[in-house]
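Results of the structural survey
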Amino acid sequence: MAQQARLMDRQAFYERIDKHELAPLWEVFRELITPEPRSPCLPHVWAYDAVRPFLMESGELISAKEAERRVLVLENPGMRGASCVTRSLYAGIQLVLPGEVAPCHRHNQSALRVVLEGRGGYTGVEGEHIPMQPGDFIITPSWAWHEHANPSAEPVTWLDGLDVPLVQLLDASFFEAHAAESQPRRFPHGYGLARHGANMKPADDDHTAAASPVNHYPYARSREALHTMRKHDALDRHHGLKMEFVNPLTGAAAMPTISTFIQLLPGGFQSRPYRSSDGTVYSVIEGHGETRVGDKTLPWGPRDTFVVPSWARHSHHADEESVLFSFSDRTVQQKLDLWHEEKE
Ligand code: GTQ
């Protein structure tokens, strides 16, 4: 009875302080300071074959120009309406139809692209036309002017990954539209890769920036590297053969807010269970397999996208030789001394 009265006194107290924008910590403490990550993010796979018809249908409903960006957002089923694939990251699948230009703009959100379909598109980044081939990884750094164009006869699609929710959390979003649909082209074909992607840098140029000066990591090169290394290197039990994309000037993650990786899993490979505090988005470049996340199984094939939440124990199985691109907020967590992993 005394206990009952005490609880009612507390409730009355909460109601009084509520009017003064005050609340008792002790009622929420255990939801705020959890013993380990407890994410609303759920594991999920978006099969490209299921998304593609809707994407093409959207192409008949709105132009790239009118939409600014014609994208179907990959909404994590545990966070519908929040435009996020993990708590900190956004993902979407973008379509540019033959003859279209998604107009030039810039924002301080950083973006990455993984090309899914089509061979004739390009992204203009700060005056360089970066050709888009399937599997290519392309960076649009924070505040870089960029437009997307498709002068070819086939549709071009790709996976977008942006740090939108992270920037939203910080209330730090800035955006500007360019006066022209396309910015003027200022550089020859392959310029960025020539300048910073040939294991050299311009002598006497000490300039470094948070984002990699290389905005294009062609799949042909990454694939070649993986296959050459595979002839010698032992496989990691948790990751197969996994490489991180880096800024060649610093060795740091290629993007300041998003870590990016590519990994080869040989046919029949079964990875040991693993978890880390960075919720991770995977884009399947080649191969078929499945990823077990807790008690859920995510089957995957080429061009599919799947997400593994923070701290969810998972393991990959490759039915055939497979290549997975992945991205997460790991580099942010590492800079803040927050990142953890656990290997079984
Ligand atoms: O291509 O600039 O998926 O600004 C979302 C926002 C793509 C882009 C997205 C964007 C872009």
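Keep in mind that what you see is a predicted model, and the values were worked out from it rather than measured. (Residues numbered from 1 in each chain as written. Predicted model: local features only at pLDDT ≥ 70, side-chain atom pairs only at ≥ 80, totals over all residues. Heavy atoms only, no water.)

What to know about the packing of aromatic side chains
- Scanning all chains against the criterion turns up ten aromatic pairs.
- Here the aromatic rings of Tyr282 and Phe306 are separated by 4.7 Å at their centres, their planes lie at 10 degrees, and the arrangement is stacked. Of the two residues, Tyr282 is situated in strand β16 (residues 280-286) and Phe306 in strand β19 (residues 305-308); the sequence distance between them amounts to 24 residues. Pair check on accessibility: Tyr282 and Phe306 agree, each one buried.
- Members of the aromatic cluster, joined through ring pairs, are Phe137, Tyr217, Phe245 and Phe325.
- The ring of Phe261 has Lys242 lying over it, and the distance from NZ or CZ to the ring centre is 4.7 Å. (Phe/Tyr/Trp six-rings, centres within 6.5 Å; stacked < 30°, edge-to-face > 60°. Helix = DSSP H or I, 4+ residues; strand = E, 2+ residues; numbered from the N terminus. Buried < 20%, exposed > 50% of the residue type's maximum accessible area, 1.4 Å probe, protein only. Lys NZ or Arg CZ within 6 Å of the ring centre and 35° of its normal.)

Considerations on unusual backbone geometry
- Of note in the backbone geometry, Asp171 takes a positive phi value of approximately 50 degrees without being a glycine.
- Mapped onto the elements of the fold, Asp171 is located in the loop between α5 (164-169) and β11 (175-177).
- Exposure remark for Asp171: the relative accessible area of 73% places this residue in the exposed category.
- Notably, Asn199 is not glycine yet its phi reads approximately 60 degrees, a positive angle.
- With respect to the secondary-structure elements, Asn199 resides in the loop between α6 (191-196) and β12 (216-217).
- On the basis of relative accessibility, which here comes to 80%, the residue Asn199 falls in the exposed class.

Brief notes about the nonpolar core
- Leu112, Phe137, Leu159, Phe325 and Phe327 are the most contacted members of the largest nonpolar core, which totals 38 residues.
- The set of elements that each furnish at least two residues to this core consists of α3 (48-61), β3 (90-96), β5 (111-117), β8 (137-140), α7 (219-230), β14 (259-265), β16 and β21 (322-328).
- By residue number, the principal contributor to this core is α3, which donates four residues.
- Not counting the four nearest positions on each side in its chain, Phe327 is found in contact with Leu89, Tyr90, Ala91, Leu112, Leu159, Gly161, Ile258, Ser259, Thr260, Gly279, Thr280 and Val281.
- Of all hydrophobic cores here, the second largest spans twelve residues; its members include Leu265, Phe269, Trp300 and Phe306. (Core = buried A, V, L, I, M, F, W, Y, C linked by side-chain atoms within 4.5 Å. Contact = heavy atoms within 4.5 Å.)

Re the pattern of salt bridges
- The full count for this structure, using the stated rule, is 14 salt bridges.
- A salt bridge links Asp160 to Arg113, with the shortest nitrogen-to-oxygen separation between them at 2.6 Å. With a gap of 47 residues between them, Asp160 in strand β10 (residues 156-162) and Arg113 in strand β5 connect regions that are remote in the sequence.
- A salt bridge links Arg275 to Glu342; the shortest N-O distance between them is 2.9 Å. Of the two residues, Arg275 is situated in strand β15 (residues 274-276) and Glu342 in strand β22 (residues 341-343); the sequence distance between them amounts to 67 residues. (Salt bridge = Lys/Arg side-chain N within 4 Å of Asp/Glu carboxyl O.)

Notes on the site of the ligand
- Around the ligand sit Arg69, Val71, Tyr90, Gln94, His105, His107, Arg113, His146, His148, Asp160 and Leu162, and that is every residue in its neighbourhood.
- The contact in question runs from an oxygen atom of the ligand to an N or O atom on the side chain of His105, over 2.9 Å.
- Taking His148, its side chain carries an N or O atom lying 2.7 Å from an oxygen atom of the ligand.
- Here the ligand has 290 Å² of accessible area as a free molecule, and 87% of this is covered by the chains. (Near = heavy atom within 4 Å. Polar contact = N/O pair within 3.5 Å; in protein donor to acceptor, adjacent residues only side chain to side chain. Areas by Shrake-Rupley, 256 points an atom, 1.4 Å probe, with all protein chains shown as cover.)

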